[in-house]
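Descriptive analysis of the structure
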Amino acid sequence: MDLLALADFTLVARHGGFGRAARASGRPKATLSRRVADLESGLNLRLFERGPRVLKLTEEGRALFEKTSVLLAELDETTAAIASGGDAPRGRLRVSAPLLFSQAAMGKLAARFALKHPEVRLEVTTEDRAVDMVEEGYDLVIRVDPDPDERLVGRIFLRDRIVVVASPQLRKPRAGATTAAVVRGSAGADASAVPAAIWNLTNAKGSPQRLAVQPVLHLSSLFMVRDAVRAQVGAARLPLSLVLHDLAAGTLVKWGDVPGPEIALWALYPSRRLLSPRVSAFLDLLKEAFPEGTPQELAAYVA
């Protein structure tokens, strides 16, 4: 197979068109078009659906792109490492991380990484949506309890759990009574008719309890939720790592634990073959920062 044609196909697929790929690479559009056509002819497959204004990967083209984009990147990294006489991390590293983890720890982690690996250009994007690593060109993503994806491998580097907390000035209601609650998310179109809810929790003795709550405040950030709970607006369900310091200081009290599995934070990457030195270095940083993977270790960054 012609590796140059394969590289040109990957370039066009990544940029979503011959024109954009030509402008990004400085290559003639006609050359890219001819090489992709030759590749399609050699494989006897149509890799793109061509329309007047739209160029879209076929199912076969998408499958080929998902494989070749990773392999070609690994090949580039290997040849660059050999040419430089070593495997020191260098180049661009794109990371996607969820909002809460980014607010709590990513600034300090990124600074440590930049000081330790000055030849790597680290770019961190904060978003909670499930990004497509291959399509969007990320080298590593951090996600909370991600859905299985056969294209990705990874490891858990942190665990956390959810607790119900409130201000010491807010009394825990008796059975059957309702208390005000601060929640993350939108109240919906009719914010005036938000229904009451039941939160299940376990007390210090491990006994199950039911807490009736009436959401009175909806906020988009868990840091905002915590600050509102500190101000005695109501109770909230929050990650333990986010409130450990408040619990120790007595500015918040724990009403109970939310039953269920722990929260797992994963570091995911496209392939374990020829793992990029940049990705390996970032994984090493996560292991160094969170050797036990406990909420207490993440709480140290929140402070």
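What you see is a predicted model, and the numbers here were worked out from it, not measured in a lab.

Description of the packing of helix α1 (residues 3-15) against helix α3 (residues 29-43)
Where α1 meets α3, the closest approach of the two axes is 8 Å, and the angle between their N-to-C directions is 115 degrees. Classified by the interaxial angle, the pair formed by α1 and α3 is roughly perpendicular. The two elements α1 and α3 cross, and the hand of that crossing is left-handed. In contact with Leu4, Ala5, Leu6, Asp8, Phe9, Leu11 and Val12 of α1, α3 contributes Leu32, Arg35, Val36 and Leu39. For the contact of α1 with α3, the per-class residue count stands at nine nonpolar, no polar and two charged.

Looking at the sheet that holds strand β13 (residues 263-269)
Spatial strand order, β4-β3-β5-β13-β6: five strands in an open sheet with mixed pairing. The open sheet has two free edges, formed respectively by β4 (120-126) and β6 (153-160), since each of these has just one partner strand. Adjacent strand axes in the sheet meet at a mean angle of 20 degrees, parallel and antiparallel pairs treated alike. Sheet topology places strand β3 (residues 91-97) next to β4; seven bridges connect them, and they run parallel. Paired with Arg94 across the two strands is Glu123, which belongs to β4.

Here we look at the packing of aromatic side chains
Here the structure, examined in full by the defined rule, presents seven aromatic pairs. Between Phe9 and Phe48, the aromatic rings sit 5.5 Å apart at their centres with planes inclined by 55 degrees, giving tilted as the arrangement. Of this pair, Phe9 sits in helix α1 while Phe48 sits in strand β1 (residues 48-50), and the two are 39 residues apart along the sequence. For Phe48, a relative accessible area of 2% translates into the label buried. Through pairs of rings, three or more aromatic residues link up here, namely Phe101, Phe157, Phe290 and Tyr301. Here the basic side chain of Arg94 rests over the ring of Tyr138, its NZ or CZ set 4.2 Å away from the ring centre.

Side note on the environment of Asp2
Here Asp2 is to be found in the segment before α1. Each C-alpha atom of the pair Asp2 and Arg35 lies 9.2 Å from the other, and the pair is 33 residues apart in sequence.

A look at the packing of helix α2 (residues 18-25) against α3
Orientation of α2 relative to α3, taken along the N-to-C sense of each, is 120 degrees, at an axis distance of 9 Å. Of the possible angle classes, the one that applies to α2 and α3 is oblique. At the point where α2 passes α3, the crossing takes the right-handed sense. Listed contacts from α3 to Phe18, Gly19, Ala21, Ala22 and Ser25 of α2 are Lys29, Leu32, Ser33 and Val36.

Overview of α2
Of all the positions in α2, only Phe18, Gly19, Ala21 and Ala22 are classed as buried. Taken down its axis, α2 places every buried residue within 165 degrees of arc, on the same side. Once α2 finishes, Gly26 follows within two positions and takes phi at roughly 80 degrees, a positive value.

Some remarks on unusual backbone geometry
One non-glycine residue, Asp145, lies in the positive phi region at around 45 degrees. Mapped onto the fold, Asp145 is located in the loop between β5 (140-144) and β6. Given a relative accessible area of 42%, Asp145 falls into the partly exposed group. Positive phi, normally seen in glycine, also occurs at Gln232, with a value near 75 degrees. Inspection of the secondary structure puts Gln232 in the loop between α7 (222-230) and β11 (236-239).

Rules used throughout
- Residues numbered from 1 in each chain as written.
- Predicted model: local features only at pLDDT ≥ 70, side-chain atom pairs only at ≥ 80, totals over all residues.
- Heavy atoms only, no water.
- Axes fitted to C-alpha atoms, helices over the stretch in contact; angles between N-to-C directions.
- Helix = DSSP H or I, 4+ residues; strand = E, 2+ residues; numbered from the N terminus.
- Parallel < 35°, antiparallel > 145°, perpendicular 65-115°, else oblique.
- Left-handed = near helix turned anticlockwise from the far one by under 90°.
- Contact = heavy atoms within 4.5 Å.
- Nonpolar A, V, L, I, M, F, W, Y, C, P; charged D, E, K, R; others polar.
- Pairing = 2+ DSSP bridges.
- Phe/Tyr/Trp six-rings, centres within 6.5 Å; stacked < 30°, edge-to-face > 60°.
- Buried < 20%, exposed > 50% of the residue type's maximum accessible area, 1.4 Å probe, protein only.
- Lys NZ or Arg CZ within 6 Å of the ring centre and 35° of its normal.
- Arc of directions from axis to C-beta.

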